[in-house]
Amino acid sequence: MIESDKTSKTLKVAAEKDMLLTARTMPASFYRSREIYERSCDEIFARSWQFIGDTDTLTAAQPQANVIPLTILEGCLDEPCILVKSADGLACHSNVCTHRGSVLVEKACHVASMRCRYHGRRFGLDGAYLSAPGFEKAENFPGPEDNLAAIPLGSWGQFHFAAVNPAFALDDLIGEIKERLHFLPLANFKFSPELSRDYQIKANWALYVDNYLEGLHVPFVHPSLATLLDTKAYRTELLPYGNLQIGVATNKDDAFDLPESSKDYGQLIAAYYYWLYPNMMFNFYPWGLSINVVMPQGYDATLVRFLTYVWRPERFGNYSVEGITQTEIEDEEVVHAVQRGIQSRAYKSGRYSPTWEAGVYQFHQLIRKSLSL
Ligand code: FES
Ligand SMILES: [Fe+2]
């Protein structure tokens with residue numbers, strides 16, 4: 001990095017820090033607004049990366065299928081896509097026929113090309129237009145818009161992400177995790193349906209994320225979790241499009257066995273809590289990973305999907321899935337209380353704790369930027 005870049009980066013970090021000392025939190029009206037929510041679908045969710053699943057789960061139902069339909073962010077974006085498996089790996093295309101917009105593929109299947117059942121238009125597995133009955137006399141046809149739209153797809157080991165119209169690169173989202181947790185054998189992390197579940201939250205999606213992004217509430221809301229964590233050592237590190245909260249264990253039995261190549265070697269790390277903008281959490285524990293996908297279902301309802309991947313079951317212990325469920329129930333109660341509170345005519349907005357809420361502030365700044373608020 002050249003010296004002036006370094007200086008401007010330092011100045012920017014300092015300015016952000018100053019802002020945190022004086023800024024006010026998101027106004028209550030943001031969380032109550034149907035119109036802002038609708039804008040968020042296009043300007044936040046369609047422009048960001050969404051977790052679509054892991055290789056095994058995506059392909060397990062029909063192992064021989066090479067075309068798999070899926071919906072990106074159900075209940076919010078509802079974007080129909082198809083995943084195409086080939087010798088080159090996976091690719092993703094729009095699942096909407098370029099003629100009059102019918103959904104093209106309804107079920108996972110093994111095919112050499114895809115034919116629309118409505119008027120017979122055909123597409124190759126690469127999404128390219130092949131043929132269309134009745135279009136022999138059409139002029140300037142076919143054009144590039146007659147191919148299926150490409151949907152950017154990115155992977156990290158077995159985990160896949162898709163984005164309708166991404167405003168940033170996948171590496172800006174997960175590059176730091178890949179580097180920091182390079183020693184984890186991701187291929188050995190196995191999805192456990194019995195330990196996974198969905199939670200219905202009657203609150204705006206961003207209230208759920210706000211709550212996740214700070215450790216200030218832990219001693220008040222999660223007394224049993226608080227005894228396992230060294231609250232003085234708890235910290236947040238900001239990333240370009242997300243942040244990392246590091247939970248430090250009070251007991252070495254609850255900590256990762258970190259190799260010397262880890263940048264945290266020598267510390268008792270109980271959990272790496274990664275939040276990825278705008279709506280995903282990747283929580284790494286010594287036993288494996290809990291992925292939380294926050295799926296807005298309107299401006300005042302949210303579904304949170306907890307997906308559990310087990311790596312070393314013998315390391316469940318104080319951070320077991322039961323403990324995580326208990327923490328989730330405690331979090332839901334406070335999120336519901338905030339959803340009620342922000343309907344008040346007496347509350348407008350609050351202030352950030354400079355010690356604990358840098359992550360919440362960063363989330364709000366990213367939202368403000370995405371929505372030009
Ligand atoms: S909508 Fe697909 S061929 Fe007409
Ligand atoms: Fe919590």
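Treat the numbers as computed from the prediction; the structure is a model and nothing was measured. (Residues numbered from 1 in each chain as written. Chains lettered and ligands numbered in written order. Predicted model: local features only at pLDDT ≥ 70, side-chain atom pairs only at ≥ 80, totals over all residues. Heavy atoms only, no water.)

Participant: How would you explain the coordination of the iron ion (ligand 2) if you had to name every residue and give the values?
Facilitator: His-217 (NE2), His-222 (NE2), Asp-331 (OD) and Asp-331 (OD) make up the full set of protein donors to the iron ion (ligand 2), lying at 2.0 to 2.7 Å. For the iron ion (ligand 2), the four donor atoms are set out with angles of 53 to 149 degrees between them, so the coordination reads as irregular. Mapping the donors of the iron ion (ligand 2) onto the primary sequence yields the spacing H-x4-H-x108-D. Taken together, the residues His-222 in the loop between α7 (218–221) and α8 (223–228) and Asp-331 in helix α9 (residues 321–341) connect sequence positions 109 residues apart. Taken as a pair, His-222 and Asp-331 share a single burial class, namely buried. (Donors = N, O, S within 2.8 Å, 3.2 Å for Na, K, Ca; no water. Tetrahedral: all angles 85-135°; square planar, octahedral: opposite > 155°, others 65-115°. Helix = DSSP H or I, 4+ residues; strand = E, 2+ residues; numbered from the N terminus. Buried < 20%, exposed > 50% of the residue type's maximum accessible area, 1.4 Å probe, protein only.)

Participant: Explain the sheet that holds strand β6 (residues 122–124) to me, using residue names and the numbers behind them.
Facilitator: One open sheet accounts for three strands, arranged β5-β6-β7; its pairing is antiparallel. Both outer strands of the open sheet, β5 (113–115) and β7 (129–131), are each paired with one neighbouring strand and no more. Across the sheet, the axes of successive neighbouring strands diverge by a mean angle of 35 degrees, strand direction being ignored. Pairing of β5 with β6 involves three bridges; the strand directions are antiparallel. Among the inter-strand pairings, Ser-113 is bridged to a residue of β6, identified as Gly-124. (Pairing = 2+ DSSP bridges. Axes fitted to C-alpha atoms, helices over the stretch in contact; angles between N-to-C directions.)

Participant: Which residues make up the packing of helix α3 (residues 34–45) against helix α10 (residues 358–371), and what values do they have?
Facilitator: The geometry of α3 relative to α10 is characterised by a closest axis approach of 9 Å and an angle of 85 degrees between their N-to-C directions. One element, α3, and the other, α10, form an angle in the roughly perpendicular class. Of the residues in α10, those in contact with Ile-36, Arg-39, Ser-40, Glu-43 and Ile-44 of α3 are Ile-367, Ser-370 and Leu-371. Of the residues contributing to the contact of α3 with α10, the split by class is four nonpolar, two polar and two charged. (Parallel < 35°, antiparallel > 145°, perpendicular 65-115°, else oblique. Contact = heavy atoms within 4.5 Å. Nonpolar A, V, L, I, M, F, W, Y, C, P; charged D, E, K, R; others polar.)

Participant: Tell me about the domain arrangement of the chain, and please be specific about residues and values.
Facilitator: Partitioning the chain into structural domains gives domain 1 (50–156) and domain 2 (185–371). If you look at the interface, domain 1 gives 10 residues, while domain 2 gives 17 residues. Summing the contributions of domain 1 and of domain 2, the shared interface buries around 990 Å²; its carbon and sulfur component is 67%. Contact with domain 2 buries area across many residues of domain 1, yet Gln-50, Phe-51 and Trp-156 alone supply 51% of it, more than any other trio. Counting every contact that joins domain 1 to domain 2 gives zero salt bridges. Applying the counting criterion to the domain 1 and domain 2 interface returns three residue pairs in polar contact (both at pLDDT 80 or more). Element by element, the count of residues in the side of domain 1 that touches domain 2 is highest for strand β1 (residues 50–54), at three residues. Classifying every residue of the side of domain 1 that touches domain 2 gives four nonpolar, three polar and three charged. (Domains from an automatic or database assignment. Buried area = accessible area lost by both parts, 1.4 Å probe. Salt bridge = Lys/Arg side-chain N within 4 Å of Asp/Glu carboxyl O. Polar contact = N/O pair within 3.5 Å; in protein donor to acceptor, adjacent residues only side chain to side chain.)

Participant: Any chance you could break down the packing of aromatic side chains for me, citing the residues and the numbers?
Facilitator: One pass over the structure, following the stated rule, counts 29 aromatic pairs. Seen from their ring centres, Tyr-273 and Tyr-285 are 6.1 Å apart, and the 80 degrees between their planes marks the pair as edge-to-face. Highlighted residues: Tyr-273 in strand β14 (residues 269–276) and Tyr-285 in strand β15 (residues 280–285), separated in sequence by 12 residues. Three or more aromatic residues joined by ring pairs make a cluster, and in this case those are Phe-51, Trp-156, Phe-159, Phe-161, Phe-191, Tyr-274, Phe-282, Phe-284 and Tyr-309. The ring of Phe-135 is capped by Arg-121, whose NZ or CZ atom sits 4.8 Å from the centre of that ring. (Phe/Tyr/Trp six-rings, centres within 6.5 Å; stacked < 30°, edge-to-face > 60°. Lys NZ or Arg CZ within 6 Å of the ring centre and 35° of its normal.)

Participant: Requested: an account of the sheet that holds strand β3 (residues 79–86), with residues and values cited.
Facilitator: Pairing in this open sheet of three strands is antiparallel, and the strands run β2-β3-β4 from one edge to the other. Strands with a single pairing partner mark the edges of an open sheet, and in this sheet they are β2 (67–72) and β4 (89–94). This sheet shows a mean twist of 30 degrees between the axes of neighbouring strands, independent of strand direction. Note: β3 against β4, six bridges, orientation antiparallel. Of the residues in β4, the one forming a bridge with Ile-82 is His-93.

Participant: Outline the environment of Pro-80, supporting the account with residue identities and numerical values.
Facilitator: Here Pro-80 is to be found in strand β3. The exposure class of Pro-80 is partly exposed, given its relative accessible area of 21%. When the C-alpha atoms of Pro-80 and Thr-236 are compared, they prove to be 36 Å apart, with 156 residues separating the residues in sequence. Excluding its chain neighbours within four sequence positions, the residues that come into contact with Pro-80 are Leu-70, Ser-94, Asn-95, Val-96 and Val-103.

Participant: Before we move on, can you summarise the nonpolar core with the specific residues and values?
Facilitator: The biggest cluster of nonpolar side chains holds 102 residues, and the ones touching the most others in it are Phe-51, Phe-161, Trp-205, Phe-282 and Phe-284. Looking at this core, the element that brings in the most residues is β14, giving eight residues. If we skip the residues at most four places from it in the chain, Phe-51 touches Phe-159, His-160, Phe-161, Met-280, Phe-282, Ile-291, Val-293, Leu-307 and Tyr-309. One finds Val-67, Val-84, Leu-104 and Val-105 within the second-largest nonpolar core, a separate group that totals 10 residues. (Core = buried A, V, L, I, M, F, W, Y, C linked by side-chain atoms within 4.5 Å.)

Participant: Explain helix α5 (residues 170–180) to me, using residue names and the numbers behind them.
Facilitator: Leu-170, Leu-173, Ile-174, Gly-175, Ile-177 and Arg-180 are the residues of α5 that are buried. Close packing links the buried residues of α5 with β8 (153–156), β9 (159–162), β12 (235–239), β13 (242–248), β14 and β15.

Participant: Could you give me a rundown of the side chain of Gln-245, with the residues and numbers involved?
Facilitator: Note on placement: Gln-245 falls in strand β13. For Gln-245, a relative accessible area of 0% puts it in the buried group. Within the local environment of Gln-245, its side chain forms a polar contact with the backbone oxygen of Tyr-212, the two atoms lying 2.8 Å apart. A polar contact of 2.9 Å, which involves the side chain of Gln-245, links it to the side chain of Tyr-234.

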